[in-house]
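Residues per chain are reported as follows:
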Amino acid sequence: MEHVLLPACAGRASPVSHTKASIHGQLAEWAAAWQDVSRREAVLDSIRHDVQNMSFGLASTYASWAADLSNSAGNYAVAATILESVAMLPECLVDLKIMDELQIRCPQKMFKIAIQKLFSMGDSQSATEVWKRARSLFRGSTRFFAELLPEDEAAIPWPSALETPTIWIRGLRQQPFWDCHQAWPFVRNLEAHAEKILAEASQAAPQLQKAYPYLFAKGSWQNLFLFRGRSWNAEVCAAMPQTCQLLLPEIPTKPGLPLVVPNNEEIVLFRSVNGAYVGPHSGAANNQINIHLTLKGGSGVTLNIAGESRELQAGKAICFQDSYLHSLEHKGDSLDSERVSLVVRVLHPDSHVTSFLGRRTEAEGSVAEFSEAAALRAELARLRDHYRRLAGTSREEPCKGPQPTQAEVAAAQEMFDFLSSEFNPTEDDDSQDPLDAIVVLSNWYDRVSKVKKVLELAARHRSTPIILVGGRGRLSSIRAAELDGEAHATLAQLLVLLEIPGELGAAINSNRVVAISCNECPTEQLRLKCGCVGNTGFNADRFLEWAAMHLPPLHRPRMVAVVEESYLVRRVAATVLGRLSGFGDTHVHNHSTMQIRVLNSRDPNEGLQQMMEVHGSMPSAMLHLMASEVVRLDEYSRGEGSPHLFPREFVLGDIKATRELASAVFQGLLGPEPSLDGSARPARTLRRCSRPIRAPRRADGESCRRQAALLALCGAKGLGWPGCLGCA
């Protein structure tokens, strides 16, 4: 999404349509002007003035995009100035009055990132000045004072510029380094098993993702999560069983406590190669400690924490408080040296339930109903189940559901062939034909195969742009939720594969790739809800809007290749064809100006077997998903009780016969509901084991409370502010 239309309070800048290109152009212009030493102060003053006269929504957009600019002194200076200016806007400062200190508040977040940018450019003096201004805000108000306030009076009680987490929990001990063995005895066991953990990490290496691209300035830095958001990654634990067995009894370390931020406790592998540099940054909260166990390649790799550097050592752990400013530099013994570490993030030893009584946290919302006893009972049940499974006496029915019959597999093959057949109207070899766009609409199932197909197409069409579109949905991975959408998760996977030498990697440079996700939605409300992307129809709309601006109609049809995988191919083909025929939003392009091909990223001859293997001990789940897809297509083509997304002829086949086939498969797999005597257990197991995991979202009520307070604030200042639309 390229246009940003944002509201403003009366008396501030009027609503104006801003494009992504124009905003990035302005940021680049400021950064270039800053290079002239004689003009620097004037440039920064101009930025402050412009931000003060923008609407809050537009200023927030500038801040968000400035924070993600490439690493250079000019970009750092511009970003820091914008971020601090946004922190001082009344619409940002109001968070200090209306939100709990255990939630992410606008000023604290903006000041934090500004300070990190200044440290990244080596300007510790300016970073300290920004910290002083943050520390002069009075607690529970929006008032600034001329001097530093005592901790109990300060709204943002950071003790120094070297410790500026997004959330500050009062009353905890603060020290950069901790004695690992004394505080967490299980660390000795991890060190003793470092070689085994490394061997398992090597098996899991293909699953590594590019880590936090906004943090590292150069080189390669990758990560892979074993545990996060109170959940274990079953796929990674299958590749690293001994590692997970070692840690499962230890994490969470304080199961009776609510979380302040979702990543309070997590387990992650990190990999870097020689030349990597991760810039100064601090964690989300001061109630978490990082246990950093180096598995391989510590020589020449240094961690700098609060100004103190320590070289890593293979087989040894370093424990440090995540809230302190820290960075990593990899200067190995050889060009191809790599460093692999296991990082276990745990709660601060001083964390106690009394800190949360009657409070709201970023991760939990209201904790008024939180029961420490219930949380401990749940953890006890989890551990008992773990040890039962270790002993082979688990009472919980494992996720090993009914095996499909030969007749069901034959029916599934018919459905799979119907759903996964490619749509290519010309059936010609396109290797020499013009291709105007390579598109991925970012459905959730198999990112890797789609990325590989994209790279193959990009190698044949070396100037064709690649457009990735996708948001968050009920089946989204935690990775996609963290990156605000499937598009950015796909982009992260693509960037990882680009680091592997070979012909395909050389076919891409990042300038060819456009990612359209939650952050590109046109309004703040839509960005919070990820409301403009996520389903196939929305994703198709966003691509066609992009195409209207960047691929206007020509004397010939625009040629577009859409990459999808396995049984989702037909849905994508029908939906995009429906959009080009006028179903849904109105678009510039139609069938006369754009011709699409929808390509299957998987081998059609092996597709069904591959998909059933993905589900391992639940092959019937694959049949259930395909049957659901056929029913969904039938409903979308009729528009009875569901959106009418395309005419039946666009389903491109005998949907009626396939629907009857799907109904038979449904009945065979699910059967009757479970009875009290435990009969029909296969149906119960299938439902339990194929239940989707929902990505966490922030409650709408938070937006309503914030908007109501802003209404009062702007009203008091005579500015006027729209009410909280759609909220009771």
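Remember, predicted model here, so these are calculated numbers, not experimental data. (Residues numbered from 1 in each chain as written. Predicted model: local features only at pLDDT ≥ 70, side-chain atom pairs only at ≥ 80, totals over all residues. Heavy atoms only, no water.)

1. Some details on the overall build of the chain
What counts here: Working definition: helices are DSSP H or I runs of at least four residues, strands are E runs of at least two. Numbering for both runs from the N terminus. The buried label applies to any residue whose accessible area, calculated with a 1.4 Å probe on protein chains only, is under 20% of its type's maximum; exposed applies above 50%, and partly exposed to all values in between. Residue contacts are defined here by distance: any two heavy atoms, one from each residue, within 4.5 Å place the two residues in contact. Here the accessible surface of atoms and residues is derived via Shrake-Rupley with a 1.4 Å probe, and residues count as covered only by protein chains that are part of the display.
Regarding its fold elements, the chain presents 27 helices and 22 strands. Classification of the 728 residues of the chain by burial places 51% in the buried group. Taking contacts inside the chain between residues at least 6 apart in sequence as the whole, the part at least 24 apart equals 75%. Accessible area of the chain: about 31800 Å², with a carbon and sulfur share of 53%.

2. Things to note about the side chain of Asp100
This is how the line gets drawn: Contacts described as polar in this section are N or O atom pairs within 3.5 Å, which, within protein, must combine one atom able to donate a hydrogen with one able to accept it, while residues neighboring in sequence count only if both atoms come from side chains.
As for its position among the elements, Asp100 is in the loop between helix H6 (95-98) and helix H7 (106-120). Among the polar contacts made by the side chain of Asp100, one reaches the main-chain amide nitrogen of Arg360 at a distance of 3.2 Å. The contacts of Asp100, once residues within four sequence positions are left out, are Arg105, Arg359 and Arg360.

3. Overview of the pattern of salt bridges
Working definition: two side chains of opposite charge can pair if their charged atoms are close together. Worth spelling out the cut-off: Within this document, salt bridges are pairs made up of a side-chain nitrogen of Lys or Arg and a carboxyl oxygen of Asp or Glu, the two lying within 4 Å of each other.
With the rule as written, the count across this model stands at 27 salt bridges. Between Asp100 and Arg359 there is a salt bridge, with the nearest N and O atoms lying 2.8 Å from each other. With Asp100 in the loop between H6 and H7 and Arg359 in the loop between strand S15 (338-347) and strand S16 (360-361), this pair connects stretches of sequence that are 259 residues apart. Overall, Arg359 belongs to the partly exposed group, its relative accessible area being 24%. Between Asp436 and Arg558 there is a salt bridge, with its nearest N and O atoms 3.0 Å apart. Pair noted here: Asp436 is in the loop between helix H15 (406-420) and strand S18 (437-440) and Arg558 is in strand S21 (residues 558-564), with a separation of 122 residues, a long-range link.

4. Concerning the packing of aromatic side chains
For clarity, the cut-off: Pairing of aromatic rings covers Phe, Tyr and Trp, the last through its six-membered ring, and needs centres within 6.5 Å; plane angles under 30 degrees mean stacked, over 60 mean edge-to-face, and all others mean tilted. Two conditions define a charge sitting above a ring: the NZ of Lys or the CZ of Arg must be within 6 Å of the ring centre, and it must be within 35 degrees of the ring normal.
Scanning the model with the defined rule gives 6 aromatic pairs in all. Ring plane angle 45° and centroid distance 5.9 Å describe the contact between Trp30 and Tyr62, whose orientation is recorded as tilted. Note that Trp30 is positioned in helix H1 (residues 20-34) and Tyr62 in helix H3 (residues 56-67), a separation of 32 residues in sequence. Overall, the relative accessible area of 6% leaves Trp30 in the buried class. Judged by its relative accessible area of 6%, Tyr62 falls in the buried class. Between Phe227 and Trp232, the aromatic rings sit 4.9 Å apart at their centres with planes inclined by 55°, giving tilted as the arrangement. Residue class for Trp232 comes out partly exposed when judged on its relative accessible area of 23%. Here the guanidinium or amino end of Lys20 rests over the ring plane of Trp65, the centre of that ring lying 5.8 Å away. Looking at Arg40, its charged tip hangs above the ring of Trp34, at a distance of 3.6 Å from the centre.

5. Quick notes on unusual backbone geometry
Here Ile251 and Pro252 are connected by a cis peptide whose omega angle stands at 5°. In the Ramachandran plot, Ser566 falls in the positive-phi region, its phi being about 45° despite a non-glycine side chain. Residue position: Ser566 is located in the loop between S21 and helix H22 (569-580).

6. Some thoughts on the state of the cysteines
For the record, the criterion: Defined by distance alone, a disulfide is two cysteine sulfur atoms within 2.5 Å.
According to the stated counting rule, one finds 5 disulfides in the structure shown. Covalent S-S linkage joins Cys237 and Cys244, the inter-sulfur distance amounting to 2.1 Å. Its torsion about the S-S bond being -85°, the disulfide of Cys237 and Cys244 is classed as left-handed. Cys244 shares its class with Cys237; the two are buried.

7. Regarding the environment of Val94
By secondary structure assignment, the location of Val94 is in the loop between helix H5 (90-93) and H6. Put simply, Val94 and Cys106 are 12 residues apart on the chain and 8.4 Å apart in space, counted from C-alpha to C-alpha.

8. Concerning the environment of Cys180
Structurally, the position occupied by Cys180 is in helix H9 (residues 180-183). Residues Cys180 and Ala317 lie 137 residues apart in sequence; the distance between their C-alpha atoms is 7.3 Å. Residues in contact with Cys180, not counting those within four places in the same chain, are Pro185, Val187, Ala317, Ile318 and Cys319.

9. Considerations on helix H4 (residues 73-87)
The cut-off we apply is this: An expected span of 1.5 Å times one less than the residue number is assigned to each helix.
Across its 15 residues, H4 extends 21 Å between first and last C-alpha, which sits within 8% of the 21 Å expected from 1.5 Å per residue. Within H4, 14 of the 15 residues are buried, leaving the element largely enclosed by the surrounding structure.

10. Describing the nonpolar core
The condition is simple: Side-chain atoms within 4.5 Å are what join buried Ala, Val, Leu, Ile, Met, Phe, Trp, Tyr and Cys residues into a set we call a nonpolar core.
In this structure, Leu27 and Ile82 are the most contacted members of the largest nonpolar core, which totals 51 residues. Where this core is concerned, the elements lending two or more residues are H1, helix H2 (40-52), H3, H4, H5, H7 and helix H8 (124-135). Those residues in contact with Ile82 that lie beyond four places of it in its chain are Leu27, Trp30, Ile47, Val51, Tyr62, Ala63 and Ala66. Within the second largest apolar cluster, 50 residues are counted, among which are Ile467, Leu544, Ala574 and Val598.

11. Things to note about the packing of H1 against H2
We count it as follows: Structural elements are reduced to axes, namely lines fitted to C-alpha atoms, with helices fitted over the stretch in contact, and the angle between N-to-C directions of any two is expressed from 0 to 180 degrees. Should an angle lie under 35 degrees it is considered roughly parallel, over 145 roughly antiparallel, and from 65 to 115 roughly perpendicular; all remaining angles are considered oblique. Residue classes follow a fixed rule: Ala, Val, Leu, Ile, Met, Phe, Trp, Tyr, Cys and Pro count as nonpolar, while Asp, Glu, Lys and Arg count as charged, and any other residue, Gly among them, counts as polar.
Running from N to C, H1 and H2 point in directions that differ by 155°, and their axes come no closer than 8 Å. When the interaxial angle is binned, H1 and H2 end up roughly antiparallel. For the pair H1 and H2, contact is made by Trp30, Ala33 and Trp34 and by Arg40, Val43, Leu44, Ile47 and Asp50, respectively. Grouping the constituent residues of the contact of H1 with H2 by class yields 6 nonpolar, no polar and 2 charged.

12. Some points on the pairing of strand S19 (residues 466-469)
Put simply, the rule is: The criterion for strand pairing is that DSSP finds at least two bridges linking the strands in question.
Every second residue of S19 is oriented toward a common face, with Ile466 and Leu468 on one face and Ile467 and Val469 on the other, all of them buried. Summarising the sheet, S18 and S19 pair through 3 bridges and their orientation is parallel. Its bridge partner being in S19, Val440 is matched across the sheet by Leu468. Alignment of S19 against strand S20 (residues 513-516), held across 4 bridges, turns out to be parallel. Each bridged residue has a counterpart across the sheet, and for Leu468 the counterpart in S20 is Ala515.

13. Observations regarding H15
Condition: What the arc measures is the spread of directions leading from the helix axis to the C-beta atoms.
Under the 1.5 Å per step criterion, the end-to-end length of H15 is 21 Å for 15 residues, consistent within 8% with the ideal 21 Å. Listing the buried residues of H15 in full gives Glu408, Ala411, Ala412, Met415, Phe416, Phe418, Leu419 and Ser420. The arc enclosing the buried residues of H15, seen along the axis, measures out at 165°, which places them on a common side. The exposed residues of H15 that point more than 90 degrees off its buried face are Gln406, Ala407 and Glu414.

14. Re the pairing of strand S8 (residues 266-273)
A large share of S8 lies buried, amounting to 7 of its 8 residues. Sheet analysis places strand S6 (residues 221-228) next to S8, joined by 6 bridges and oriented antiparallel. Residue Phe225 lies in a different strand from S8, and its bridge partner there is Val268. Summarising the sheet, S8 and S15 pair through 8 bridges and their orientation is antiparallel. Paired with Glu266 across the strands is Arg345, a residue of S15.

15. So, the confidence of the model for the chain
Selection rule: Across the chain, each position has a pLDDT score giving the predictor's confidence in that residue, from 0 to 100.
Model confidence for the chain is summarised by a mean pLDDT of 80, while 77% of its residues fall at 70 or above. Across the chain, element-level confidence peaks in strand S13 (residues 317-321) with a mean pLDDT of 97 and bottoms out in strand S1 (residues 3-5) with 35. Confidence drops under a pLDDT of 50 for residues 669-728, and excluding neighbours within four residues, the segment shows 94 contacts in the predicted structure.

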